[in-house]
Amino acid sequence: QNWIGIGLATQEYPGNKQPGWDLTSVGYHADDGSYYRCPIPDEMSKSGRPNNMPLNGKPMPCAKGDVMGIGLEFDDRGPSPTGFARRVFFTKNKQYLGSVLLEKQFHPCIYPTIGFNSPGAKVTIDTECDFSSVQ
C-alpha cells in the first residue's frame, strides 16, 4: 500500500514514522483522508498507531494530482498573545478540511514534515502558497 502524509513535528520526531503516528506530531494522510495526532492511550488502535480521525466528520482521501496543504493559525489575539502556533489546518485542492489544536508540547519549535511509504511517488513542495484563496 502507498502512504503519503503531511504534517508538523518537533525536532525529536522519529524519521521512520508517518506524521501523527508518534508523540509530538500531527498529520493528514492521503490514503484515508484523515488526520492523526500525537497519541493519547485511549485513541490508540491495536496496531500501536493512533486511530484515524476525519476532519469535519468526513474522510477526504487524495488521488494522484491532488494538492495537499497545511497552514498555521497563531495565537496573536487577546490580552496576552504568545505568538506560538495555536492550530494547524489542512487543505485538499485549496478546500479547507478543518483544524487541530496544537498542545503545549509543540511549543516553541515545530517543523513541516512529509512522510512517504510510496515507491516511485513524487511530490512538489511549494512554500510560497497563497492561503487567501483557501475556501
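Below or above, wherever it landed, is the structure these notes cover.

What counts and what doesn't
Residues numbered from 1 in each chain as written. Predicted model: local features only at pLDDT ≥ 70, side-chain atom pairs only at ≥ 80, totals over all residues. Heavy atoms only, no water. Helix = DSSP H or I, 4+ residues; strand = E, 2+ residues; numbered from the N terminus. Buried < 20%, exposed > 50% of the residue type's maximum accessible area, 1.4 Å probe, protein only. Contact = heavy atoms within 4.5 Å. Areas by Shrake-Rupley, 256 points an atom, 1.4 Å probe, with all protein chains shown as cover. Core = buried A, V, L, I, M, F, W, Y, C linked by side-chain atoms within 4.5 Å. Salt bridge = Lys/Arg side-chain N within 4 Å of Asp/Glu carboxyl O. Pairing = 2+ DSSP bridges.

A few words on the overall build of the protein chain. Within the protein chain one finds zero helices and eight strands. Across the 135 residues in the protein chain, those meeting the buried criterion constitute 37%. A sequence separation of at least 24 residues applies to 49% of the contacts in the protein chain between residues at least 6 apart. Counting only carbon and sulfur atoms, one obtains 53% of the accessible surface of the protein chain, whose full area is about 8400 Å².

Looking now at the nonpolar core. Grouped together as the largest cluster of nonpolar side chains are 18 residues, with contacts concentrated most on Val 26, Tyr 28 and Phe 90. Within the residue set of this core, elements represented by two or more residues are β1 (4-9), β2 (25-29), β6 (85-92) and β7 (95-101).

Right, let's get into the pattern of salt bridges. Evaluation of the coordinates by the stated rule reveals two salt bridges. The partner of Asp 22 in a salt bridge is Lys 17, with the nearest N and O atoms 3.2 Å apart. According to the relative accessible area criterion, Asp 22 is partly exposed, its value standing at 23%. In this structure Lys 17 comes out as partly exposed when scored by relative accessible area, which is 34%. The shortest N-O distance in the salt bridge between Asp 66 and Lys 92 comes to 3.8 Å.

Strand order in the open sheet formed by five strands is β4-β3-β2-β1-β8, with antiparallel pairing between adjacent strands. The sheet is open, and its two borders are formed by β4 (53-54) and β8 (111-116), each paired with just one other strand. For strand β3 (residues 34-37) and β4, the ladder comprises two bridges, and the chain directions are antiparallel. Note that in β4 the partner of Tyr 35 across the bridge is Met 53.

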